[in-house]
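As a plain string of letters, each chain reads:
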Amino acid sequence: MTKIAHITDMHLDDEMSEYYKTDTFKNAQNIIEDLIKRNIKYVIFTGDNGKPDKFTKILQILQKNNINFYITLGNHDNFNSDLIDLKQFHAQNEFYQFLMIQS
């Protein structure tokens, strides 16, 4: 059976995590550790990922563990800077796909 994880609204170290005084990066690391333990090989991120540098670190952990990931950006993500930062995975990782929905 194929297992797929759906992760959304992580808000990694953005204004939401600051407002609620939450270590969202540590929470995301805990989730990723759980995915690895459960042998989940596919993750779908559906936006509001947070600061690009922190989200990139999460994707690097997934990549290192051969976990495929799919990404959409949310209304709190910056479409220009986040896409530029995520382009590094285009050349290095065949396990990703950007899904862009225009409404």
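Scroll up to find the structure.
1. Considerations on the overall build of the chain
Along the backbone of the chain there are five helices and four strands. Element order for the chain, N to C, with α for helix and β for strand: β-α-α-β-α-β-α-α-β. With the model as given, the accessible surface of the chain reaches about 6700 Å², and the carbon-plus-sulfur share is 51%.

2. A few points about helix α2 (residues 24–37)
Taking 1.5 Å per residue, 14 residues should reach 20 Å; α2 reaches 20 Å between its end C-alpha atoms and fits that length. Buried residues along α2 sit in contact with β1 (4–7), α1 (15–20), β2 (42–46) and α3 (52–64). Phi turns positive one or two residues past the end of α2, at Asn39, with a value near 60°.

3. Observations concerning the nonpolar core
Within the largest apolar cluster, 19 residues are counted, with the highest numbers of intra-cluster contacts made by Val43, Phe45 and Leu62. Put simply, the parts of the chain that give this core at least two residues each are β1, α2, β2, α3 and β3 (68–72). Setting aside chain neighbours within four positions, we find Leu62 in contact with Ile32, Val43, Phe45, Ile67 and Phe69.

4. Overview of the pairing of β1
Only one face of β1 is buried: it carries Ala5 and Ile7, and the other face, with Ile4 and His6, is open. One ladder, built from four bridges, connects β1 with β2; its direction is parallel. Bridging from a neighbouring strand, Ala5 pairs with Val43 of β2.

Thresholds, definitions, all that
- Residues numbered from 1 in each chain as written.
- Predicted model: local features only at pLDDT ≥ 70, side-chain atom pairs only at ≥ 80, totals over all residues.
- Heavy atoms only, no water.
- Helix = DSSP H or I, 4+ residues; strand = E, 2+ residues; numbered from the N terminus.
- Areas by Shrake-Rupley, 256 points an atom, 1.4 Å probe, with all protein chains shown as cover.
- Expected span 1.5 Å × (residues − 1).
- Contact = heavy atoms within 4.5 Å.
- Core = buried A, V, L, I, M, F, W, Y, C linked by side-chain atoms within 4.5 Å.
- Buried < 20%, exposed > 50% of the residue type's maximum accessible area, 1.4 Å probe, protein only.
- Pairing = 2+ DSSP bridges.

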